[in-house]
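Chain and residue survey
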Amino acid sequence: MAAQTLFEKIWNSHVVHEAPGEPALLYIDLHLIHEVTSPQAFEGLATAGRKVRRLDRTFATLDHNIPTTDRSLPITDPDSKAQIEMMRKNCRDFGVKLFDLGEIGQGIVHVIGPELGLSQPGMTIVCGDSHTATHGALGALAFGIGTSEVEHVLATQCLWQARPQSMEVRVDGKLGLGVTAKDIILGIIGRITTDGGTGCVIEYRGSTIEALSMDERMTVCNMTIEGGARAGMIAADRKTVDYLRGRRYLPTGAEFDRLAAKWLTYHTDEGAKFDRSISFDAASFAPQVTWGTNPGMVTEVTGKVPDPSSLSDATSRRATELALEYMDLAPGTPLTDVKIDRVFIGSCTNGRISDLQAAADIVKGRRVAATVSAMVVPGSQLVKNEAEKLGLDRVFKEAGFEWREAGCSMCLGMNPDILKPGERCASTSNRNFEGRQGKGGRTHLVSPIMAAAAAVAGHFVDVREWANR
Amino acid sequence: MMKAFKNFTGLVAPLDRPNVDTDQIIPKQFLKAVVRSGLAKGLFFDWRNQPDSQFVLNQPRFEKADILVARANFGCGSSREHAVWALADFGFRAVIAPSFADIFKNNCLKNGILTVILKPEETDAIFNAIKEHQDYHLTIDLPAQKVADEFGWSAHFDIDPFPKRCLLEGLDDIALTLMQGEKIRAHEAAHPVPYKS
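Small disclaimer: the values here were computed from a predicted structure and weren't measured.

1. A short note on the overall build of chain B
Helix and strand counts for chain B come out as 8 helices and 7 strands. Burial analysis of chain B (197 residues in total) assigns 45% to the buried set.

The structure is reproduced here in structure tokens:
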């Protein structure tokens, strides 16, 4: 058989039907749903008298809308409460497994899929959420879909998909101290820009990527959509197998070994061809800080806010001016001079246990600056439990952080965790769009250790200076 | 059920920004809806509700716009289909830009909204024409894959045959898929669920 890319192996084995001039009908192995993008899909099913085709491949959680404060208190926002109740009702009526509040397994949809062993190498995985690319870190083809497509998958377990292009993004070499997976992906987006991957599925490869932990690989794949590509993926290897062993939904013993052997075939064959390829030297990445209103507006922490007048293209110049106006930043300002009011550590990008550990290592024995209000929101109930077992909650609380319940929280501010107008936030999340974390709020995307150091200093600092101490 | 797209002539509103994201098209507070309707009030909410906002859709001349013209990478970011429902509820039936984000483009297709991809210089021509003419209208002809104004300017656009057919016929794509029931069942029989029973 001809050499195949990881993408081709998964795509080709999931095409159920294909006719000339038409997109492929692709079988979906795992469909994850949450309360925000599913109500209209269930409504569509009910109206047409249709059922959920595969209850054993469909799992729901509550994450976007839920408060992260005391779970024993009632939800005060009536619209959020209605949407949560609607999710519960839909799951009851259609028979879908829901990981409800207070239940082990509840959490951000892209954190729980891998940690429960639902997401596996070689799978096609979809969710009504653009950060579904996260699951690609396990060697899966995972991408976000709209609500009409959610309804389509619920009814048929399939999707019509035009075959995307394949794009290889190589990173080779050793990362510097204090440079993280978040800095790799922000650095890549800064270079390819926010639509550099449109129409593509990206496979991240190279020695730097292979050396990343599973949590770190998920951070890289998570933000693929911010570079325009719907899916990002990384070949399955021994690390993937070790990560999945013993997880809740996985079989054990010989049955697990049989799965694992199959998983290890999900890599790009020697000599397989990509439609596009780019490569980076790991040593070229430094800790990143975004300065603008999309994730491509990013620079190194040692850098300065750019000057729009230096840009020749009128559209880019105007976009940069508008971004600086919204962010209230003057051209030429060193990023380490930018003071912050809030810190958010969490989200599907950086809300996993190793993210919290890394941030805790920075704040241990230090105090959050008096001018800063900081919070940690674990990505899932399981992450929260594990962090508490390790005593990370105490480290954060002693340093002056709030320690919250699991959810999406201030990544998108659908719950009460939002910025006030004019507040500036160092955030480990994935989007710095205008108003994303609250109307008038100003978001700077950074890694967990950069956010932790900024919380202590009250402004951005080059965390490499701390890591060396 | 997809809505069918019919050729029409409509008023064009300009949104002169690249990378307009779906958080901008409809902010988070409107995602708590559990129905598809009534989302026009949330469309570009933050931009329309700034003090003394001169935002394009606040200007009386564009209140009844049917076509939005924008810059590259329109609809990037979140997968929220609410963005498309809000555009449709406001009255938009087509969006013209040099490029669109993939998920947004799919969501438009499912709701009968045409995404027209033109060359940057062609969108420039539309932005300029709107400055020159008070009520600038374009006619969109999907079968001919052509946009044209009344002054003799026109441009051809590309669209894949399948989405074109879906838009013209307003196909129920779930019913279309279920016609492949035998093949789906065969795939399922060969691929058991890899979870602990």
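2. A word on the interface of chain A and chain B
Counting residues at the interface gives 58 residues for chain A, matched by 45 residues for chain B. Sorting the residues of the side of chain A that touches chain B by element identifies strand E1 (15-17), strand E2 (24-27), helix H2 (39-48), helix H3 (78-94), helix H5 (147-156), strand E8 (158-161) and helix H11 (314-327) of chain A as the ones contributing at least two each. In terms of residues, the side of chain A that touches chain B owes the most to one element, H5 of chain A, which gives 6 residues. When its residues are assigned to classes, the side of chain A that touches chain B shows 21 nonpolar, 25 polar and 12 charged.

3. Quick notes on the sheet that holds strand E16 (residues 373-377) of chain A
Residue and element names in this part refer to chain A. Within the open sheet, the 5 strands sit side by side as E17-E16-E15-E18-E19. Their pairing is parallel. Looking at the sheet topology across the chains shown, the edges are occupied by strand E17 (402-403) and strand E19 (442-445). Bridge analysis of strand E18 (residues 424-427) against E19 gives 4 bridges, and the strand direction is parallel. Pairing of Cys425 across the sheet is with Thr443, part of E19.

4. Some details on helix H16 (residues 448-457) of chain A
Residues and elements named next belong to chain A. Across the 10 residues that make up H16, a large majority, 8, are buried. Buried within H16 we find Pro448, Ile449, Met450, Ala451, Ala452, Ala453, Ala454 and Ala455. Positive phi shows up at Gly458, right after H16, with a value of about 90°.

5. Some points on the sheet that holds strand E11 (residues 231-233) of chain A
All names here are of chain A. Spatial ordering of the open sheet is given by E11-E10-E9-E12, a layout of 4 strands whose pairing is parallel. Each of the sheet's edge strands pairs with one partner strand only, and the pair in question is E11 and strand E12 (276-281). When the angles between neighbouring strand axes are averaged without regard to direction, this sheet yields 20°. Here strand E9 (residues 165-172) pairs with strand E10 (residues 200-205) via 6 bridges, running parallel.

6. A short note on the environment of Val171 of chain A
Residue and element names in this part refer to chain A. Here Val171 is to be found in strand E9. Under the C-beta neighbour-count criterion, Val171 is labelled buried, with 26 such atoms within 10 Å. Along the chain, Val171 and Ala455 lie 284 residues apart, while their C-alpha atoms are 30 Å from each other. Setting aside residues up to four positions removed in sequence, Val171 forms contacts with Ile184, Tyr204, Gly206, Thr208, Ile209, Phe280 and Ala282.

7. Observations concerning the environment of Ala369 of chain A
You can see Ala369 of chain A is positioned in the loop between helix H13 (353-363) and E16. Here the alpha-carbon distance between Ala369 of chain A and Val456 of chain A, two residues 87 residues apart in the chain, equals 5.0 Å.

8. A few points about the pairing of strand E4 (residues 114-117) of chain B
Residues and elements named next belong to chain B. The pairing of strand E3 (residues 94-97) with E4 spans 4 bridges and is classified as parallel. Following the sheet pairing, Ile96 is matched in E4 by Val116. Crossover E3 to E4 through helix H4 (residues 102-110) is right-handed.

9. A few points about unusual backbone geometry
All names here are of chain A. The phi dihedral of Asp328 is positive, around 55°, even though this residue is not glycine. Here Ser409, not a glycine, exhibits a phi torsion of approximately 55°, which is positive. Along the chain, Ser409 falls in the loop between E17 and E18.

Calculation rules
Residues numbered from 1 in each chain as written. Chains lettered and ligands numbered in written order. Predicted model: local features only at pLDDT ≥ 70, side-chain atom pairs only at ≥ 80, totals over all residues. Helix = DSSP H or I, 4+ residues; strand = E, 2+ residues; numbered from the N terminus. Buried ≥ 20, exposed ≤ 12 C-beta atoms within 10 Å, placed from the backbone. Contact = placed C-beta atoms within 7 Å. Nonpolar A, V, L, I, M, F, W, Y, C, P; charged D, E, K, R; others polar. Pairing = 2+ DSSP bridges. Axes fitted to C-alpha atoms, helices over the stretch in contact; angles between N-to-C directions. Right-handed = clockwise from strand over helix to strand, strands pointing away.

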